[in-house]
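Spelled out, the chains give:
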Amino acid sequence: MGKSKMIIDATNLIMGRVAAIAAKKAILGETINIVNCENAIVTGSKQRVLADYKQRLDRGIPLKGPYFPKQSDRIFRRTIRGMLPYKKEKGKLAFKRIMCYIGLPDQFSSQKLEKIETADVSKVPNTKYVYLKDIAKHLGGKLWN
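The present account deals with the structure reproduced in this document.

### Observations concerning the pairing of strand β2 (residues 31-35)
For a regular strand, the rule is simple: side chains alternate between the two faces of the sheet. Judged by how many residues are buried, β2 sits mostly within the fold: five of five residues are covered. Here β2 shows two buried faces, one formed by Thr-31, Asn-33 and Val-35 and the other by Ile-32 and Ile-34. Remark: the strand β1 (residues 5-9)/helix α1 (residues 15-27)/β2 crossover connection has right-handed handedness. As judged from the three bridges shared by β2 and strand β4 (residues 98-100), these two strands associate in the parallel manner. When the sheet's bridge partners are listed, Asn-33 is paired in β4 with Met-99.

This is how it looks when you write it as structure tokens:
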């Protein structure tokens, strides 16, 4: 258990669908690496999506939390955490097996990247979506690329 690795290229993939698949596989013991997180997509009208994420960021008390990330790779990882039983032991271990990256790190450049066909944006009937990098910029996160 814990031997198989999966590297997912999140470019033009719907964040929620990728997160659900990653969460499932992590619970089963796979190590998941997600690259190009800033190019993932959140479906919905830009105005509503940005308002939802801004509301999540503003929730809570600055010194007590809950803390919500501002960078696209951290937002993606937080989304996956919401799909895991992260307060239980199996969820904690699964969450440790998931890593998200902005861009394509050198360690993965020579390896085969997987695309999840069911999560592709072409499967969406409407054309309303927002890139994760735009959400991060709206929240005041640092832009690395």
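### Brief notes about the side chain of Asn-33
As for its position among the elements, Asn-33 is in strand β2. Classification of Asn-33 by relative accessible area gives buried; the value is 8%. With residues near it in sequence (within four places) discarded, Asn-33 still touches Met-6, Ile-7, Ile-8, Met-99, Tyr-101 and Phe-108.

### Side note on the sheet that holds β4
Spatial strand order, β1-β2-β4: three strands in an open sheet with parallel pairing. In this open sheet, the two strands that pair with only one neighbour each are β1 and β4. Each adjacent strand pair in this sheet contributes to an overall mean axis angle of 15°, direction not counted. Summarising the sheet, β1 and β2 pair through five bridges and their orientation is parallel. Residue pairing across strands places Ile-7 opposite Asn-33, the latter belonging to β2. Its contacts with the sheet put α1 on β1, β2 and β4, and the angle it makes with β2 is roughly 155°.

Reading the values: rules and limits
Residues numbered from 1 in each chain as written. Predicted model: local features only at pLDDT ≥ 70, side-chain atom pairs only at ≥ 80, totals over all residues. Heavy atoms only, no water. Buried < 20%, exposed > 50% of the residue type's maximum accessible area, 1.4 Å probe, protein only. Helix = DSSP H or I, 4+ residues; strand = E, 2+ residues; numbered from the N terminus. Right-handed = clockwise from strand over helix to strand, strands pointing away. Pairing = 2+ DSSP bridges. Contact = heavy atoms within 4.5 Å. Axes fitted to C-alpha atoms, helices over the stretch in contact; angles between N-to-C directions.

All quantities given are derived from atomic positions and should not be read as evidence of function.
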